[in-house]
Amino acid sequence: MTDWVKIAEDQEIPKLKIDLNADEPAPATTASKDNEPDVADPAETSLLIKILGKGLVNTKQSLDIQQKNPNSPLHSVKTFEALHLKPELLKGIYAMGFNTPSKIQETALPTLLADPPQNMIAQSQSGTGKTAAFVLAMLSRVNVALDHPQVLCLSPTYELAIQTGEVAARMGQFCPEIKLRFAVRGEEVDRNSKITEHILIGTPGKMLDWGLKMRLFDMKKIRVFVLDEADVMIATQGHHDQCIRIHKMLSSQCQMLFFSATYDKEVMDFARLIVPEPTIIRLMREEESLDNIKQYYVNCKNEEGKYNAIQNIYGCISIGQAIIFCHTRKTAAWLAGKMAADGHSVAVLSGDLTVEQRLAVLDRFRSGQEKVLITTNVLSRGIDIEQVTIVVNFDLPVDLRGNADCETYLHRIGRTGRFGKSGIAINLIDGEKSMSVCRAIEKHFQKDIIYLNTDNADDIEKIGN
Ligand SMILES: Nc1ncnc2c1ncn2[C@@H]1O[C@H](COP(=O)(O)OP(=O)(O)OP(=O)(O)O)[C@@H](O)[C@H]1O
């Protein structure tokens, strides 16, 4: 395994980004995107959340289990020893600092490791231990006496595949006989050779090339097929069909495992196509709520007026930490420029930054080096910044038709049960259209949004208290 431990360790994010840019079409010019609503790319967000993750997310939510296979009694474990793993694998788990299985692992692992193998569809939010669970299943199913691929793991992008490979490398560090190979862009194989590694982790396009076009390994001999980040996979163009093509070539004996952070209808339909008779395990996300949030609106004439409102409340918002949301990159850049020119120290996070630049901005903000972060919808759900107490909507969130986007409003402002602290939301309104959006949001959540006059010192004092 030493070779691929090294490969994984060598893949630092800056290098990945360089490779990523190498064979992708040139991005649309920044200028053309500046005036459009700035949105997050799901794969980039997922990568960011993974890298930012500070360990296991503990959740109080309970598991929802649907058992489709009546012949496989479901049980859960409270220790890793109870799984009767190979000693080298157990050693790897402990070396990663895992003492006990996470909530989803308690129930998923016995099913993942069961004999005869069982299929699974699992859903839980980022950071709850999904990757660790399926990587353990992948490693424990390998028969090292055979020198051909036995496990396929599909990820939506190069970087996400590398992240999974790194977990496998660490967990399998005491199993040097298990060999892994990345099936990703840039990895080349001689057409006349065969792939001998046991585990292939990669993107659907490359996997199809190797398995179908070049026939470098026998898809029928795959014993475990993992489809990770199904929701991101679907959002990535073309991946849906490629996954189905790969899936069709697998044997009916192959264990099918499907993991996703969210399950809307499209993801569930996809899952049903791929996974026969699955055990379905879902760990619901803790609901965000506006319960502890005081919401205000401020009437402004135009963008300059909004800027003045921010000037007036700046003293108040910079006591703690604040995030200001804008609709477009252009507005975010304009606002940041003006605030910086006025001597305020602000951070900006928008879609024109690379993943590693975003990481750097978030690191600085999280450590308190800047008090105010100006951003767009690129800062999306899943990126929790606990210490933020004030959220300013420089622009209210709207959908493509210009109607209130209540879900995004909740993600920006809402708090989960985990950080039940109180917070403040300030909505800047300039004109009838944005006022009607504000009213629609108020009506949707049935929670008052109160008028705030930022020219009045007493009013401003109110928000501080
Ligand atoms: N049993 C455990 N005990 C302690 N830490 C764990 C355990 N399982 C996983 N972790 C750690 O928790 C974090 C999240 O785990 P993991 O990456 O497996 O979750 P995930 O649900 O796949 O999330 P993501 O999709 O963001 O990767 C990682 O830092 C991982 O090392």
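First, a word on scope: everything that follows refers to the structure included in this document.

Cut-offs applied
- Residues numbered from 1 in each chain as written.
- Predicted model: local features only at pLDDT ≥ 70, side-chain atom pairs only at ≥ 80, totals over all residues.
- Heavy atoms only, no water.
- Pairing = 2+ DSSP bridges.
- Helix = DSSP H or I, 4+ residues; strand = E, 2+ residues; numbered from the N terminus.
- Contact = heavy atoms within 4.5 Å.
- Axes fitted to C-alpha atoms, helices over the stretch in contact; angles between N-to-C directions.
- Buried < 20%, exposed > 50% of the residue type's maximum accessible area, 1.4 Å probe, protein only.
- Parallel < 35°, antiparallel > 145°, perpendicular 65-115°, else oblique.
- Left-handed = near helix turned anticlockwise from the far one by under 90°.
- Nonpolar A, V, L, I, M, F, W, Y, C, P; charged D, E, K, R; others polar.
- Core = buried A, V, L, I, M, F, W, Y, C linked by side-chain atoms within 4.5 Å.

## Focus on the sheet that holds strand S14 (residues 423-429)
Phase 1: Across the sheet, 7 strands lie side by side as S11-S12-S10-S13-S14-S9-S15; this open sheet has parallel pairing. The outermost strands of the open sheet, each flanked by one partner alone, are strand S11 (346-349) and strand S15 (450-451).
Phase 2: For strand S9 (residues 293-299) and S14, the ladder comprises 7 bridges, and the chain directions are parallel. Note that in S14 the partner of Gln295 across the bridge is Ala425.
Phase 3: Each of strand S10 (321-325), S11, strand S12 (372-375) and strand S13 (388-393) touches helix H15 (residues 355-366); the most contacted strand, S11, lies at about 145° to it.
Phase 4: Across the sheet, helix H17 (residues 432-445) is in contact with S9 and S14; its angle to S9 comes to roughly 165°.

## What about unusual backbone geometry?
Phase 1: Of note, the bond from Asp115 into Pro116 is cis; its omega dihedral lies within 30 degrees of zero at -5°.
Phase 2: With respect to the helices and strands, the residue Pro116 is situated in the loop between helix H6 (103-112) and strand S2 (120-124).
Phase 3: For Gln446, which is not glycine, the phi dihedral falls at a positive 55°.
Phase 4: If you trace the backbone, Gln446 turns up in the loop between H17 and S15.
Phase 5: By relative accessible area, Gln446 is classed as exposed at 68%.

## Considerations on the packing of helix H4 (residues 42-52) against H15
Phase 1: Packing of H4 against H15 brings their axes to within 10 Å, and their N-to-C directions diverge by 45°. Between H4 and H15, the crossing angle belongs to the class labelled oblique. When the axes of H4 and H15 are compared, the crossing they make is right-handed. Taken together, the residues of H15 that come into contact with H4 (itself represented by Glu44, Leu47, Leu48, Ile51 and Leu52) are Val355, Arg358, Leu359, Leu362, Asp363 and Arg366.
Phase 2: Class assignment for the residues of the contact of H4 with H15 results in 7 nonpolar, no polar and 4 charged.

## A few points about the sheet that holds strand S6 (residues 224-227)
Phase 1: Within the open sheet, the 8 strands sit side by side as S1-S8-S2-S7-S6-S3-S5-S4. Their pairing is mixed. Both edges of this open sheet fall to strand S1 (63-67) and strand S4 (180-183), since each of them pairs with a single strand only. Each neighbouring strand pair of the sheet contributes to a mean axis angle of 15°, computed without reference to strand direction.
Phase 2: In this sheet, strand S7 (residues 255-260) lies alongside S6 in parallel orientation, the contact comprising 4 bridges. Residue pairing in the sheet places Leu227 in a bridge with Phe258 of S7.
Phase 3: Here helix H8 (residues 158-171) sits on the sheet and contacts strand S3 (151-154), S4 and strand S5 (199-202); the angle it forms with S5, its principal contact strand, is near 145°.

## Some details on the nonpolar core
Phase 1: Core analysis: the biggest nonpolar cluster contains 45 residues, and Leu112, Ile199 and Ile201 have the highest contact counts within it.
Phase 2: No other element matches helix H7 (residues 130-140), which puts 8 residues into this core.
Phase 3: Contacts of Ile201, omitting those with residues within four sequence positions, involve Met138, Cys153, Ala161, Thr164, Gly165, Ala168, Leu180, Arg181, Phe182, Ala183, Val184 and Met207.
Phase 4: Ranked by size, the runner-up nonpolar core spans 38 residues in total, among them Leu160, Val355, Leu396 and Ile449.

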